[in-house]
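Here is what each chain is made of, one letter per residue.
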Amino acid sequence: MAISPKDVEALSRLARIQLTDEELARFAGQLDGILSYVEKLKSAKTEGVAPTSHVLPLSNVFREDKLQPSLPTEEALANAPAREGPFFKVPKIIDPTG
Amino acid sequence: MTLRQIQESYRQKKAAPVQVAEDLLRRIEQQEPKIHAFAWMDPQRVREQVKELEKAGPSAERPLWGIPLLIKDNICVRGAPTTCASKILAGFRPPYDATVVERLKKAGAILLGMANMDEFAFGSSCEHSCYGPTRNPWDLGYVPGGSSGGSAAAVAARMAPAALGSDTGGSIRQPASFCGVVGLKPTYGRISRYGLIAFASSLDQIGPITRTVEDAALLTQVMAGPDPRDSTCADLAVPDYLRALGQPIHGLRLGLPKEYLSAGVDPEVRKAIEEALTVFRKLGATVKEVSLPHTEYAVPTYYIVATAEASSNLARFDGVRFGHRARPSTSSGRAEGKTMLEMYTRSREEGFGPEAKRRITLGTFVLSSGYYDAYYARALKVRTLIQQDFSRAFEQVDCLVTPTAPTPAFRLGEKMEDPLTMYLSDIFTISINLAGVPALSLPCGFTPAGLPVGMQLIAKPFAEDLLFRVGHAYQGATDWHEREPPDEIASSSLRGSSQ
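Attention here is on the structure that accompanies the text. (Residues numbered from 1 in each chain as written. Chains lettered and ligands numbered in written order. Predicted model: local features only at pLDDT ≥ 70, side-chain atom pairs only at ≥ 80, totals over all residues.)

### Focus: the interface of chain B and chain A
Many authors give the size of an interface as the accessible area that is lost as the parts come together. Stated precisely, the cut-off is as follows: For the purpose of contact definition, each residue receives a C-beta atom placed from its backbone, and two residues are in contact when these atoms lie within 7 Å. Under the scheme used here, helices are H or I runs from DSSP no shorter than 4 residues and strands are E runs no shorter than 2 residues, and both carry numbers assigned from the N terminus. Note on residue classes: Ala, Val, Leu, Ile, Met, Phe, Trp, Tyr, Cys and Pro are nonpolar, Asp, Glu, Lys and Arg are charged, and everything else, Gly too, is polar.
In this assembly, 57 residues from chain B lie in contact with 43 residues from chain A. Ranked by residue count, the leading element in the side of chain B that touches chain A is helix H13 (residues 373-396) of chain B, at 11 residues. Across the side of chain B that touches chain A, the residue classes break down as 28 nonpolar, 16 polar and 13 charged.

### A closer look at the pairing of strand S2 (residues 68-72) of chain B
Residues and elements named next belong to chain B. Selection rule: Exposure in this text rests on C-beta crowding, where 20 or more other C-beta atoms within 10 Å of a residue's own make it buried, 12 or fewer make it exposed, and counts in between make it partly exposed. The C-beta atoms are placed from the backbone. Note on pairing: two strands pair once DSSP finds at least 2 bridges between them. If the strands point away from the viewer and the path from the first strand over the helix to the second runs clockwise, then the crossover is right-handed.
Among the 5 residues in S2, 5 count as buried, and that is most of the element. As paired elements, S2 and strand S3 (residues 110-115) share 5 bridges and run parallel to each other. Bridging from a neighbouring strand, Lys72 pairs with Ala115 of S3. You can see the chain leave S2, run along helix H4 (residues 99-106) and come back into S3, and the turn it takes is right-handed.

### Quick look at the pairing of S3 of chain B
All names here are of chain B. Burial of S3 is extensive: 6 of the 6 residues sit out of reach of the surface. The pairing of strand S1 (residues 38-40) with S3 spans 2 bridges and is antiparallel. Of the residues in S3, the one forming a bridge with Trp40 is Met114.

### Some words on the packing of helix H2 (residues 21-38) of chain A against helix H12 (residues 354-367) of chain B
Selection rule: An axis is simply a line fitted to the C-alpha atoms; with a helix, the fit covers only the stretch in contact. Between two such axes, the angle follows the N-to-C directions and lies from 0 to 180 degrees. Here the angle decides the label: under 35 degrees means roughly parallel, over 145 means roughly antiparallel, 65 to 115 means roughly perpendicular, and every other value means oblique. Crossings are assigned a handedness: left-handed for a near helix turned anticlockwise from the far helix by less than a right angle, right-handed for a clockwise turn.
At a minimum axis distance of 11 Å, the contact between H2 of chain A and H12 of chain B shows a crossing angle of 60°. As the angle between them shows, H2 of chain A and H12 of chain B are arranged oblique. Along this stretch, H2 of chain A crosses H12 of chain B, giving a crossing that reads as right-handed. Contact residues: Glu23, Phe27, Gln30, Leu31 and Ile34 of chain A in H2 of chain A; Lys357, Arg358, Thr361, Leu362 and Phe365 of chain B in H12 of chain B. Partitioning the contact of H2 of chain A with H12 of chain B into residue classes produces 5 nonpolar, 2 polar and 3 charged.

### A look at the packing of helix H1 (residues 5-14) of chain A against H12 of chain B
Contact geometry for H1 of chain A and H12 of chain B: axes closest at 9 Å, N-to-C directions at 90°. By the angle class used here, H1 of chain A and H12 of chain B are roughly perpendicular. Judged by residue contacts, Val8, Leu11, Ser12 and Leu14 of chain A of H1 of chain A engage Thr361, Thr364 and Phe365 of chain B from H12 of chain B. Here the contact of H1 of chain A with H12 of chain B is built from residues that sort into 4 nonpolar, 3 polar and no charged.

The following block contains the structure:
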């Protein structure tokens, strides 16, 4: 399949990354090459094969529901690019005019 | 010195941690400007740790007392910059230690600093780093491999006696191979991933990079075992790895997967592997050819599964709680200039390097509706087939022997603009992560140009003890692991121009 710069732009919107026009064009060509290579998988015989999302035979690992100390607020906020009191500060999410 | 030699010199009181640490700091000062293996280090912090350890003294509870280690820049060390060699984590100082770091500290290890890597472990050359590339100590014109290139180069250049790496598709083994050192990718679930900044959660494992197999066993012993903070860490007892080392390999059945010596393998690499097999035969092992028929699907399967998981894992880097946040745009005066969405997209644009952007985009594609079944769902099924290949092979043999990489180290810049060619350099290591089995890379020769060649040993899940036993027997019969790169390291390109 052919990936166009427009397709890459749609993907970058989904992935929340702004890309420059130059990147859109370059990635389109490179992703196209990678995707034609992975087309190879179509020749594998997968009828009746169960998918493996995880190699260990694990399901539902539980622990006791016990109260444990957690990260103090000050330490949790120490890496914050912006904060206000005990909160992470971010731009307004709800646009009152929109 | 190896870890064993350092321990021996402490035991005989020939040296104290302060001398070993000061020697290393001097060595780093000399070599680091050429190699560039570190993402961060602070001699003062090293000296403080040494002081505390000397005060505490050696004890049975501290099996790694006074052992200096370098940590890959994606494994959280409390209070030390841990950035995955990415601008998006600039300035991030974790408020906690990874489980492995906690265990190593408790065992008395000295943390030397953080090792350079490909950004978020996306790469096979250590060139995709916001700190610039690391160079191969055997020839500065060549890459050290990746993504744990800083870890492997530092051990090879004797700036650290051992280091930690992480391996998602070969990121410990391929640089170990390119730098002439030992690297272990443990079984998925053998070592806790708590505090390892996630790339692909179903594939990632932390492991040691050392000069000898014995040292790798020593570190694995301390790091392995269940961890309540990582539910994917197996609830299994850890065997005594050091005891496994002395056992002979007479009568062991080794398998040579025919798909791994096909076209595309460098003749020098093939020759080194054939010579290694001769050594194993002399040690009493038998060698037979086996088949892993789905090998050709490993790279495409990996680049679907790994990028899908990465695109999801890297969604957490959004400029809200830690790391880089773009400043609100003021010049354009656009109303959206200060929205949450623009903060996300611009922080991620500014923070991620090209390979991270490429992989996030690819992962987003294979997971997007309309393509999910054709790519991701299919890849998960092929992953089952690859895993079954290994189960079948291990019905016939105890251990597989392959080249770690199809070629020795390649030149800096050689594969930077061609991501697919770069991905193919992991062709022999990737299946192992998809199958979740353990594998060990160890030096098995040199090319005529003086670049190291690595051999990979692969075993059944949780049979690290067998890998150590086979690897240790090989190192007992050979001396590749004792060779050191010259102190006055030349670059082949520089050598060429001076003639």
